[in-house]
Amino acid sequence: WRGREGAPYSTLVPSDEVTVNYRHGLPVITLTLPTRNERCQFTLKPVVTTVGAFLQDVQREDKGIERAEVFAADGSKVSDATLMEVLLMNDFKLVINNTAHSVSPPVKDQLSSEHATEMEDIKSMVHRLFVALHLEEHQIRKERELLQKLDHLKGELLPLEQMKARIMDSADAKTSRLLWVGLALMSTQGGALAWFTWWVYSWDIMEPVTYFITYGSAMAFYAYFVLTKQDYIYPLAKDRQFLHYFYRKSKKQRFNVERYNKLKDDIAQAEESLRRLRQPLRLRLPIQEIRDKD
């Protein structure tokens with residue numbers, strides 16, 4: 001076995017000098033410290049501990065260790081940034097000073113079912129602890145973010161709401177005037193037909209006139225259906241005319257209808273998210289406390 005620079009190490013010790021065992025689901029590396037000549041155990045967190053951190057722990061435990069490195073089975077040096085979880089998947093050599101220790105970690109698939117169960121229990125416990133310690137803080141931070149977002153969106157929406165109110169008042173007034181004009185025209189038409197029938201002409205002369213007026217009205221209603229694909233129903237016709245005036249007025253005053261609708265949708269989504277966030281089951285608080293906060 002040769003080192004990184006090709007020089008042979010003075011000693012190559014058997015694999016039992018450095019052992020790897022799993023205890024409570026965590027790997028434990030046991031080795032002999034060269035200065036004190038005593039066995040020392042290092043419990044690792046494989047998913048967060050790196051090779052460099054492990055070697056620093058070894059050198060910190062024995063100040064007489066001047067050199068600590070890890071090499072793969074093929075002789076290539078293992079980077080200090082490599083996670084111990086990756087290193088323990090294969091055999092490797094641990095070099096302390098000029099002594100190379102051959103290490104053969106146990107294969108994870110061959111671990112006992114008891115160890116696997118312990119690992120799952122530990123993961124579940126860590127998850128529960130994380131939720132218990134950080135859930136409330138996360139909920140408060142998320143609630144603060146949503147409230148700030150709502151304030152910002154409502155601040156942008158306020159001038160648009162004021163402009164929309166003015167445009168709606170104008171469109172509603174024009175629609176109402178149009179309805180009254182229609183009523184006035186129909187009243188005038190009825191009075192004119194009655195005057196021509198009883199004072200100027202007779203019913204024999206006015207009957208064809210009223211027929212063609214009725215037929216012309218039917219043609220107008222059919223034309224309305226062809227153009228709008230809707231029946232001429234008075235409430236729908238009123239709403240259609242109102243929207244016509246509204247959009248025409250909005251274009252003149254440069255009222256951004258799409259921006260207004262987008263802000264309304266964003267506010268609705270933020271309020272729904274805030275409502276769901278404040279649910280008692282999510283905050284794990286009594287219902288009364290939630291109401292007090294609102």
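Residues numbered from 1 in each chain as written. Predicted model: local features only at pLDDT ≥ 70, side-chain atom pairs only at ≥ 80, totals over all residues. Heavy atoms only, no water.

### Observations concerning the overall build of the protein
The test is simple: Helix and strand labels come from DSSP, where a helix needs a run of H or I of at least four residues and a strand needs a run of E of at least two; each type is numbered from the N terminus. Here the term buried applies to any residue with accessible area under 20% of the maximum for its type, exposed to any over 50%, and partly exposed to those in between, with areas from a 1.4 Å probe on protein chains only. The contact criterion used is simple: two residues touch if any of their non-hydrogen atoms lie within 4.5 Å. Residue exposure ignores everything except the shown protein chains as possible cover, and the areas themselves are Shrake-Rupley values with a 1.4 Å probe.
Across its full length, the protein carries eight helices and seven strands. Looking at the protein residue by residue over its 294 residues, the buried ones come to 26%. Partitioning the intrachain contacts of the protein with sequence separation of at least 6 by distance along the chain shows that 58% fall at a separation of at least 24. Total accessible area computed for the protein in this model is approximately 20,500 Å², and 57% of it derives from carbon and sulfur atoms.

### Observations regarding the sheet that holds strand β3 (residues 26–33)
To be explicit about the condition: At least two bridges found by DSSP between two strands is the condition for calling them paired. For helices, the axis comes from a line fit to the C-alpha atoms of the stretch in contact; other axes are also lines fit to C-alpha atoms, and the angle between any two N-to-C directions lies between 0 and 180 degrees.
Strand order in the open sheet made by the three strands is β2-β3-β4, with antiparallel pairing throughout. Two strands lie at the open edges of the sheet, namely β2 (19–23) and β4 (38–43), each paired on one side alone. The mean inter-strand angle of the sheet, taken between neighbouring strand axes irrespective of direction, is 30 degrees. Where β3 meets β4, six bridges bridge the pair, whose relative direction is antiparallel. The partner of I29 across the bridge, within β4, is F42. Helix α1 (residues 51–61) rests against β3 and β4 of the sheet, and its axis sits at about 145 degrees to β4.

### Quick word on the UniProt feature "transmembrane region" (unreviewed entry) in the protein
Heads up, the rule is: UniProt positions are given in the numbering used here, feature names are shortened, and annotations may be inferred rather than shown by experiment.
When the UniProt feature table is mapped onto this chain, "transmembrane region" (unreviewed entry) is found at residues 178–197 and 209–227. This span, residues 178–197, is 100% helix and 0% strand, and a straight line between its end C-alpha atoms measures 28 Å. Annotated as 100% helix and 0% strand, the span residues 209–227 places its first and last C-alpha atoms 27 Å apart.

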